[in-house]
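Descriptive structure summary
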Amino acid sequence: MVKRILAGTATLVLLALAVVAISVVQFDVPREKLVGKYAGGASLFATLRSGASAHMRDEGNRDGPVLVLVHGSNASLHTWEPWVAELGDTYRIISMDLPGHGLTGRVPGDDYTREGMTSFVHELMDTLHVERFAIAGNSMGGGVAALYTLEHPERVSALILVDAAGIPVKRDDDDVPLAFKIARMPVISQAMRYVLPRSLVEEGVRKVFVDQSKVTDEMIARYFDLSLHEGNRDATRMRFASYASRDEETFAVRLGEIEVPVLVMWGDKDGLIPVSAAYAFKERIPQAELAIFENAGHVPMEEVPGESAAAVRAFLSKGRAEVAAGPVKGAGEGRDASLTESVAAE
């Protein structure tokens with residue numbers, strides 16, 4: 001009798017564990033299953049010389065000065081949609097999903113370092129035959145934009161750093177999303193290839209906003225879905241592993257070599273990269289202008305889009321940062337032959 005009870009209990013425990021496993025285990029989702037939801041409108045896929053297939057958008061005023069936008073860690077080009085709406089009347093705006101992010105996914109060579117992402121941006125600009133532009137980057141993308149400016153100063157007319165990485169800072173560990181902490185743990189991070197609770201993604205998204213009303217179910221669903229894009233979780237694990245060998249102090253010293261106009265913008269309530277970093281950037285780049293937004297977090301382009309876009313427009317409209325787009329070579333009304341329009345299911 002006791003054995004039967006124990007056997008029954010064991011069965012129930014196994015069933016319970018199976019239910020839990022099924023609820024949290026998430027397998028990779030092929031790109032074609034996500035394209036219909038997240039590659040609408042101006043989305044294109046560009047085949048780069050490295051073999052990467054980059055999800056990007058080229059929109060706004062085709063005859064206007066070019067503004068290139070580089071998103072942050074675990075985000076996607078969708079983070080820039082508010083700025084596109086605000087600035088697209090004047091600027092030709094190019095955004096992309098970086099390697100291991102969004103619909104670009106894993107790339108040949110698996111280089112997810114700042115240097116690798118900078119090369120990716122350079123390849124994309126070459127593919128589009130865009131020779132000179134202003135570049136803006138948020139968080140991780142800010143570090144990429146700064147490095148691009150250092151490595152290709154002849155291509156950059158102005159640099160905009162939005163709550164950017166690249167300066168050594170002290171932060172409260174409680175402000176760091178749990179997903180980021182896990183991604184830094186060599187053994188436990190392996191589990192994230194298969195286990196990714198939606199709640200973990202939601203916690204990470206909510207931590208970068210002060211105004212929680214800005215965090216919608218649609219936004220959380222997008223972050224969650226794109227994190228499951230085939231290869232993205234593996235890429236995230238490799239990217240965070242590369243941070244251990246990155247020398248931010250050496251990089252920060254190099255910032256003083258930047259000669260183009262620079263705008264440093266920050267949310268004053270940013271917990272992920274505190275506003276003290278904005279002033280550190282200013283100290284390293286003397287010609288930099290500062291724009292600090294009250295009651296905003298890590299992504300002011302989404303949380304205070306009107307105010308932050310107005311600061312960008314004022315900065316770029318001074319003339320010194322205005323650069324005409326120039327002719328675009330390639331096939332199909334200025335598009336390179338290696339670009340293909342996304343086929344998004346209605």
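Residues numbered from 1 in each chain as written. Predicted model: local features only at pLDDT ≥ 70, side-chain atom pairs only at ≥ 80, totals over all residues. Heavy atoms only, no water.

Now for the nonpolar core. Residues L67, W83, M125, I135, I160 and M265 are the most contacted members of the largest nonpolar core, which totals 102 residues. For this core, the element with the most residues is helix α5 (residues 140-151), which contributes 7 residues. With sequence-adjacent residues up to four places away left out, L67 is seen in contact with L87, Y91, R92, I93, I94, A134, A136, I160, V312 and L316. (Core = buried A, V, L, I, M, F, W, Y, C linked by side-chain atoms within 4.5 Å. Buried < 20%, exposed > 50% of the residue type's maximum accessible area, 1.4 Å probe, protein only. Helix = DSSP H or I, 4+ residues; strand = E, 2+ residues; numbered from the N terminus. Contact = heavy atoms within 4.5 Å.)

Even without glycine at this site, D110 takes up a positive phi of about 50°. Residue placement: D110 occurs in the loop between β4 (92-96) and α4 (114-128). Despite not being glycine, D163 has its phi angle at roughly 45°, a positive value. Looking at the secondary structure, you find D163 in the loop between β6 (156-162) and α6 (178-183).

What follows concerns the pairing of strand β2 (residues 53-60). Among the 8 residues in β2, 6 count as buried, and that is most of the element. Looking at chain direction, strand β1 (residues 43-47) and β2 are connected through 5 bridges and run antiparallel. Opposite F45, over in β2, you have H55 as the bridge partner. Between the antiparallel neighbours β1 and β2 lie 5 residues, among them G51 with a positive phi of about 100°. (Pairing = 2+ DSSP bridges.)

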